[in-house]
Amino acid sequence: MTDKTPSIHGQWSSRFAFILAATGSAVGLGNIWKFPYITGENGGGAFVLVYLICVLLIGIPIMIAEIMLGRRGQKNPIDTMQTLASQSKADPRWQYLGWMGIIAGFLILAYYSVIAGWSMAYVTKGFFGSFSGADATAIKSLFDGLMASPIQQIFWHSAFMVITMQVVMRGVQGGLEKTVRFLMPALFVILFLLIAYAMSSGAYQQGIHFLFNPDFSKINSSAVLTAMGHAFFTLSLGMGAIMVYGSYLPKDVSIAKTTFIIAGADTLVALLAGIAIFPLVFANNLEASAGPGLIFQTLPLAFGHMTGGWLFGFLFFILLFFAALTSSISLIEPAVAWLIENKNIDRKQACIWSGSACWALGVGVVLSFNAWSGFKLFGKNLFELLDYLTANLMLPLGGLGLAVFAGWVLSQKEAQQELALPEQGFQAWQLLIKYVAPGAVFLVFLHVVGVL
Ligand code: TRP
C-alpha cells in the first residue's frame, strides 16, 4: 500500500475555503429535503428540540474530534485510523471504523443521488411552468407521476451520478470552491424569500407552533433515534468525510471555532427550510407526515402563486441540486481514495467503478418507489432500509467509535496540541467526548433495542 495523497482532497487555500467545503458537505438534501419531512413524520417541536440537543451535545464535540483526527492523521479515514492507532499503541482494528465509514458513504449516495435526481427533474418542471397556478392536487399528481415513472427517475439519477463522478474525477479545488461561494448566499436569499411568502400564506403561526412547540407525547424512542441519526447525517459525521476534509486544514486554524460556524450554518439552513415549508403545509391542508415527497408537494405551490415564482422555483431547485452535489462528492470520496490507494487503479477508473456500483444500487432505490414497492424487509422498502441502516445505525455507531477513540485512546496531550483550546474549553470538550456523546448514543441504542 502506498502513501499517495489523492489530489482531490486539495490543500484548502485558507480557513474560509475549508469552511466552505465542509459547509458544502454538511448543507444538502439533509437540511432542505430530509429535516422537514422527518420533523413532519415525528410530530414537530419535540423532535426538533431533541435534534438541536443532539447537534449541540453529540454532533459538535464529535465534529471537533473528527476534524482533529483527520488533521492529526493526514490521510484517508482507514489509513488515518491505522496510523493514529499504531501511534497510540492501540488495537489495529480501529481501522475498521474507517471501513464502515466508506461503506456508509457508498450506501447513502445510492439513495441520495435518486433524491438529487428528483430535484433535477423539478428544475425542468419549474422551467417549463408546470407549477404556475397549480393547486395542491395538481402539484401532488405531478409528484406522484414522477414517483410512478422508473424511466424518468433513472434518467435523472443517472445524470446526477455522472455529474458527481465527473467532479470527483477532476478534483474539487477550482470548481467546487467557487460553486459553494456562490451557492450559500444565493440559497439564503431564496429561503428568506420563501419565508416571506409563507408568512403571508395565512398559516404562519400554525407552522411556527408545529416546529417550535414541543409536545413530548408525540415522541418515542424511535423518534429520538431518528433525531440523533439526523444530527450525524446533517453534519456529515461518523463516516470520515469531515475527517478527510480536516486532513488538509492548515495547522494554525482553530478547529473548535470553525466547527461552530459550520454547525451553526447547517442548523440555520434546516430551521429556515422548516419555517418556509410548514406554514404552506397547513395553509393548504397537506399532510405534515407526507414523507419524502414533502418539499416536492409544498414548495411548488408557493412558486406557482407568487409573482416571479417561475424564476424562483427554477432557481430554488437548481440550488438544491448544487447543495446536493457539494455533499455527494464528500460521500463517495473516501471510497474513491481507498480504491486508488489499495487497488492500484487511477482516479478515473476508481470513479467509474465506484460510481457504477453506486448507480446500480440507486436503480434499486428508484424501483422501490414503484415496481418493487411491495418488496419489504422488516417492513421497509429498499430506500427506507438504506436510510435506516446508514443514518440511524452506521453513522451513530461510527461517531461512537470516533468519540471513544478521540477521548480515551488518543493521548489527551496530543488532542490538546491539535485543538489548542483554552483550558476550560478543552475540559468541556473532554467531558462531552468522553462521557456525554458516547453515553448518549449508547443509551439511545439500548433504548431502541428495548433493553431499557
Ligand atoms: N450532510 C449532507 C446532507 O445533509 C449529507 C452528507 C454528505 C453526509 N456527506 C456525508 C452524511 C457524510 C453523512 C456522512 O445532505
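In this report, the structure presented in the accompanying data block is examined. Here the structure is a predicted model, which means the values were calculated and not measured. (Residues numbered from 1 in each chain as written. Predicted model: local features only at pLDDT ≥ 70, side-chain atom pairs only at ≥ 80, totals over all residues. Heavy atoms only, no water.)

### Side note on the overall build of the protein chain
Phase 1 of the analysis: Regarding its fold elements, the protein chain presents 18 helices and zero strands.
Phase 2 of the analysis: Considering the protein chain as a whole, with its 452 residues, one finds that 62% of them fall into the buried category.
Phase 3 of the analysis: Long-range pairs, those at least 24 residues apart, make up 83% of the contacts in the protein chain between residues at least 6 apart in sequence.
Phase 4 of the analysis: Surface summary for the protein chain: the accessible area is close to 17,100 Å², and the carbon and sulfur share equals 66%.
Phase 5 of the analysis: Placing the 23 positive and 20 negative side-chain charges of the protein chain at their respective mean positions leaves the two points 5 Å apart. (Helix = DSSP H or I, 4+ residues; strand = E, 2+ residues; numbered from the N terminus. Buried < 20%, exposed > 50% of the residue type's maximum accessible area, 1.4 Å probe, protein only. Contact = heavy atoms within 4.5 Å. Areas by Shrake-Rupley, 256 points an atom, 1.4 Å probe, with all protein chains shown as cover. Lys, Arg positive; Asp, Glu negative; His and termini not counted. Charge placed at Lys NZ, Arg CZ, Asp CG, Glu CD.)

### Considering the site of the ligand
Phase 1 of the analysis: Surveying the vicinity of the ligand reveals 17 residues, the closest of which are G30, Y112, F233, S236 and S330.
Phase 2 of the analysis: One nitrogen or oxygen atom from the main chain of A26 is found 3.0 Å from a nitrogen atom belonging to the ligand.
Phase 3 of the analysis: One of the backbone N or O atoms of G30 is found 2.8 Å from an oxygen atom in the ligand.
Phase 4 of the analysis: Isolated, the ligand exposes 360 Å² of accessible area, and the fraction of that covered by the protein chains is 100%.
Phase 5 of the analysis: Elements with a contribution of two residues or more to the shell around the ligand: helix 1 (15-26), helix 2 (29-41), helix 5 (95-127), helix 10 (221-234) and helix 14 (309-342).
Phase 6 of the analysis: Partitioning the shell around the ligand into residue classes produces nine nonpolar, eight polar and no charged. (Near = heavy atom within 4 Å. Polar contact = N/O pair within 3.5 Å; in protein donor to acceptor, adjacent residues only side chain to side chain. Nonpolar A, V, L, I, M, F, W, Y, C, P; charged D, E, K, R; others polar.)

### Quick look at helix 10
Phase 1 of the analysis: Between its terminal C-alpha atoms helix 10 stretches 20 Å, which fits the 20 Å expected from 14 residues at 1.5 Å a residue.
Phase 2 of the analysis: The element helix 10 is extensively covered by neighbouring structure, given that 11 of its 14 residues are classed as buried.
Phase 3 of the analysis: The set of residues buried in helix 10 consists of A223, L225, T226, A227, M228, G229, H230, A231, F232, F233 and T234.
Phase 4 of the analysis: S236 occupies a position one or two residues after helix 10 and carries a positive phi of about 60 degrees. (Expected span 1.5 Å × (residues − 1).)

### Points about the nonpolar core
Phase 1 of the analysis: Core analysis: the biggest nonpolar cluster contains 169 residues, and W33, W118 and W429 have the highest contact counts within it.
Phase 2 of the analysis: No other element matches the 19 residues that helix 5 contributes to this core.
Phase 3 of the analysis: With residues near it in sequence (within four places) discarded, W33 still touches Y111, I115, W118, P292, I295, F296 and F383. (Core = buried A, V, L, I, M, F, W, Y, C linked by side-chain atoms within 4.5 Å.)

### Looking at the pattern of salt bridges
When the charged atoms of two side chains with opposite charge come close together, those side chains can pair.
Phase 1 of the analysis: Under the definition given, this model contains eight salt bridges.
Phase 2 of the analysis: Measuring nitrogen to oxygen at the nearest pair gives 3.3 Å for the salt bridge that ties E418 to K251. Here E418, found in helix 17 (residues 412-419), pairs with K251, found in the loop between helix 11 (241-246) and helix 12 (255-283); they are 167 residues apart in sequence, far enough to count as distant.
Phase 3 of the analysis: For E418, a relative accessible area of 5% corresponds to the buried category.
Phase 4 of the analysis: Residue K251 is classed as exposed on the basis of its relative accessible area of 53%.
Phase 5 of the analysis: A salt bridge links E333 to R347; its shortest N-O distance comes to 3.3 Å. With E333 in helix 14 and R347 in helix 15 (residues 347-368), this residue pair connects regions lying 14 residues apart in the sequence. (Salt bridge = Lys/Arg side-chain N within 4 Å of Asp/Glu carboxyl O.)

### Some points on the state of the cysteines
Phase 1 of the analysis: If you walk through the whole model with that rule in mind, you get zero disulfides.
Phase 2 of the analysis: As a non-bridged cysteine, C358 has C351 as the owner of its nearest cysteine sulfur, 12 Å distant. (Disulfide = S-S within 2.5 Å.)

### Some details on the packing of aromatic side chains
How two aromatic rings sit relative to each other is given by the distance of their centres and the angle of their planes.
Phase 1 of the analysis: Evaluation of the coordinates by the stated rule reveals 32 aromatic pairs.
Phase 2 of the analysis: A ring pair is formed by F127 and W310, whose centres lie 6.0 Å apart and whose planes are at 40 degrees; its orientation type is tilted. Linking F127 in helix 5 with W310 in helix 14, this pair joins segments that are 183 residues apart in sequence.
Phase 3 of the analysis: The partly exposed category is assigned to F127, whose relative accessible area is 40%.
Phase 4 of the analysis: A residue is classified by how much of its surface remains accessible, and W310, at 44% relative accessible area, is partly exposed.
Phase 5 of the analysis: Cation over ring: K34 sits above F233, and NZ or CZ is 4.3 Å from the ring centre.
Phase 6 of the analysis: Over the ring of W408 we find K434; its NZ or CZ atom is 4.8 Å from the centre of that ring. (Phe/Tyr/Trp six-rings, centres within 6.5 Å; stacked < 30°, edge-to-face > 60°. Lys NZ or Arg CZ within 6 Å of the ring centre and 35° of its normal.)

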